[in-house]
Amino acid sequence: MENENIVKETALSVAKETAKDVYADTVQPTAKNVGGFFGTLSGFFNHVVMYPLKKLNIRIRYEQKAIAFEKEMEHKYNSIPEKERVEPQLHIVGPTMESLKYNIMDDDLAELFSNLLVSDMDMRTQNLCTPAFVKVIEQLSPADARVFKTIFNECAKAETIPICKMDLCKIDDEKRKIRKEHLPLYLAGIEVDKLNPNDVSKSLQNLERLGLLTIDFLKWRSDDEVYNKLIDNSYIESLKAWANQITGESYIAKVGSKGLLELNDFARDFCKGMSKVMLCVK
C-alpha cells in the first residue's frame, strides 16, 4: 500500500511538468522523421515512466527492460525497407505506449507490443493495425501469449488442432464421474513449455473469449487415436491417482466431446497485422 501511495503522489507531481510534452513527442512524431520516434521513446520511459518509480526497487530492472525494448524496436524497424517506412498512427502508438508501461517487465507481452508498433510503421501492414489489437494484448497473460504463439505455429502446419473434453469415470460404473470443475475444461493437441494442461486450458478459454480462436465441437477428426493421445500424459495420470486416493476406488480417463480448434478471421488479421515479426519467437 505504501508503494502504491508513493507511485500515485510522485506521478501526480510530475504529470503537469513532463508527461504532456513527452507524450506529445512520443505519439505525434510528425515534426520529425519516423526515426526520431526512438529518441522520444527514450524520453517517454525516462520522464513519464521512470520518474514515479525512482523510490521503488524495481526502477533498475524496469530501466534495463526499457533499454532492451528500445534496442529490439530499432532492430525490427531497421528491417523495414526504407521506402516502406511510415509514421505510426496516433490511435495505435498512444494506447500501445500507455499499456506498455505496465507490461514491459514480461518479455512475451512486451514483444507483442513491439511487434504492433513496428507493424504500424510499415506501409505493408499499417492498414491492418487497429486499436482492438492493443486491447487484446492488454488482456493476455504471459501464459496466454505463449499458448497463442504455439497455436499460431501449429496452425501454420495444419489448419486445425484436435481438442476434446474429458471424463474421469469409475472403471466398473462409467456413469459415476469426477466433477468437471476438478478437470481441465479443454485438452488440446499442443504442448507449451512449463505449462500443464490445466494452465493451457485456462488460456484457451481466455483466447476464445477475446475472439482469437474458435473451438468447435460440431466437427472433429475421424481418427480416434488423435484424441486418445490427448488424455495419455503424466498430468492426467496424476489426476487419476488423486481421484483414486480420495475415493478409494479406481477411475479411468475417457475422451468426452471431440472437436477442433482453429484461428478465426479476427485472429488471422491480428497475425497478418504483425506478420513480419509476429510470434516466431526466438
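What counts, and where the lines are drawn
- Residues numbered from 1 in each chain as written.
- Predicted model: local features only at pLDDT ≥ 70, side-chain atom pairs only at ≥ 80, totals over all residues.
- Heavy atoms only, no water.
- Helix = DSSP H or I, 4+ residues; strand = E, 2+ residues; numbered from the N terminus.
- Buried < 20%, exposed > 50% of the residue type's maximum accessible area, 1.4 Å probe, protein only.
- Contact = heavy atoms within 4.5 Å.
- Areas by Shrake-Rupley, 256 points an atom, 1.4 Å probe, with all protein chains shown as cover.
- pLDDT = per-residue confidence, 0-100.
- Expected span 1.5 Å × (residues − 1).
- Arc of directions from axis to C-beta.
- Phe/Tyr/Trp six-rings, centres within 6.5 Å; stacked < 30°, edge-to-face > 60°.
- Lys NZ or Arg CZ within 6 Å of the ring centre and 35° of its normal.
- Core = buried A, V, L, I, M, F, W, Y, C linked by side-chain atoms within 4.5 Å.
- Salt bridge = Lys/Arg side-chain N within 4 Å of Asp/Glu carboxyl O.

Asker: Provide a residue-level description of the overall build of the chain, including the pertinent values.
Answerer: Assigned secondary structure in the chain consists of 11 helices and five strands. The burial tally for the chain puts 45% of its 282 residues in the buried class. Intrachain contacts of the chain at a sequence separation of at least 6 include 78% that bridge at least 24 residues. Total accessible area on the chain stands at roughly 14,900 Å², and carbon and sulfur atoms take up 50% of it.

Asker: Which residues make up the confidence of the model for the chain, and what are the values?
Answerer: For the chain, the mean per-residue pLDDT works out to 79, and 75% of the residues sit at or above 70. Contacts from residues 25–33, a stretch scored under 50 in pLDDT, to residues over four places away or in other chains number 17 contacts.

Asker: Go over helix 7 (residues 142–157) with me, naming the residues and quoting the values.
Answerer: Its 16 residues give helix 7 an end-to-end C-alpha distance of 24 Å, which sits within 8% of 22 Å, the value for a rise of 1.5 Å per residue. Here helix 7 has its buried residues at Ala 143, Asp 144, Ala 145, Val 147, Phe 148, Lys 149, Thr 150, Ile 151, Phe 152 and Cys 155.

Asker: Just give me the short version of helix 6 (residues 131–138), but keep the residues and values in it.
Answerer: Because the α-helix completes a turn every 3.6 residues, residues three or four places apart line up on one side. Of all the positions in helix 6, only Phe 133, Val 134, Val 136 and Ile 137 are classed as buried. With its buried residues spanning 160° around the axis, helix 6 presents them on a single face.

Asker: Any chance you could break down the packing of aromatic side chains for me, citing the residues and the numbers?
Answerer: Aromatic ring pairs: the centre-centre distance and the angle between the two ring planes describe each pair. Evaluated as defined, the whole model comprises four aromatic pairs. Plain terms: the ring middles of Phe 133 and Phe 266 are 5.8 Å apart, the flat faces sit at 65° to each other, and that makes the pair edge-to-face. Here Phe 133 is found in helix 6, whereas its partner Phe 266 is found in helix 11 (residues 265–273), with 133 residues between them in sequence. With relative accessibility at 30%, the residue Phe 266 sits in the partly exposed group. Taking 5.0 Å as the distance between ring centres and 90° as the angle between the ring planes, the aromatic pair formed by Phe 133 and Phe 270 counts as edge-to-face. Placement of the pair is Phe 133 in helix 6 and Phe 270 in helix 11, with a sequence separation of 137 residues. Here Phe 270 falls in the buried class, since its relative accessible area comes to 0%. Joined through ring pairs, the aromatic side chains of Phe 133, Phe 148, Phe 266 and Phe 270 make up one cluster. One residue, Arg 85, lies across the ring of Tyr 77, its end atom 4.7 Å from the ring centre. One Lys or Arg, Lys 165, reaches over the ring of Phe 217 and ends 5.0 Å from the middle of that ring.

Asker: Give a description of the nonpolar core that names residues and reports values.
Answerer: One finds Val 147, Ile 151 and Leu 204 to be the most contacted residues of the largest nonpolar core, which totals 51 residues. Of all the secondary-structure elements, those providing two or more residues to this core are helix 3 (59–78), helix 4 (90–103), helix 5 (107–119), helix 6, helix 7, strand 1 (161–170), helix 8 (197–209) and helix 11. Leu 183, Ile 231, Leu 239 and Ala 243 belong to the second-largest nonpolar core, a separate cluster that totals 15 residues.

Asker: Tell me about the pattern of salt bridges, residues and numbers included.
Answerer: Overall, the coordinates contain 13 salt bridges when judged by the stated rule. Here Lys 135 and Glu 138 are joined by a salt bridge, their closest N and O atoms 3.8 Å apart. Placement of both Lys 135 and Glu 138 in helix 6 is noted, with a separation of three residues, approximately one turn of the helix. Residue Glu 138 is classed as partly exposed on the basis of its relative accessible area, which comes to 32%.

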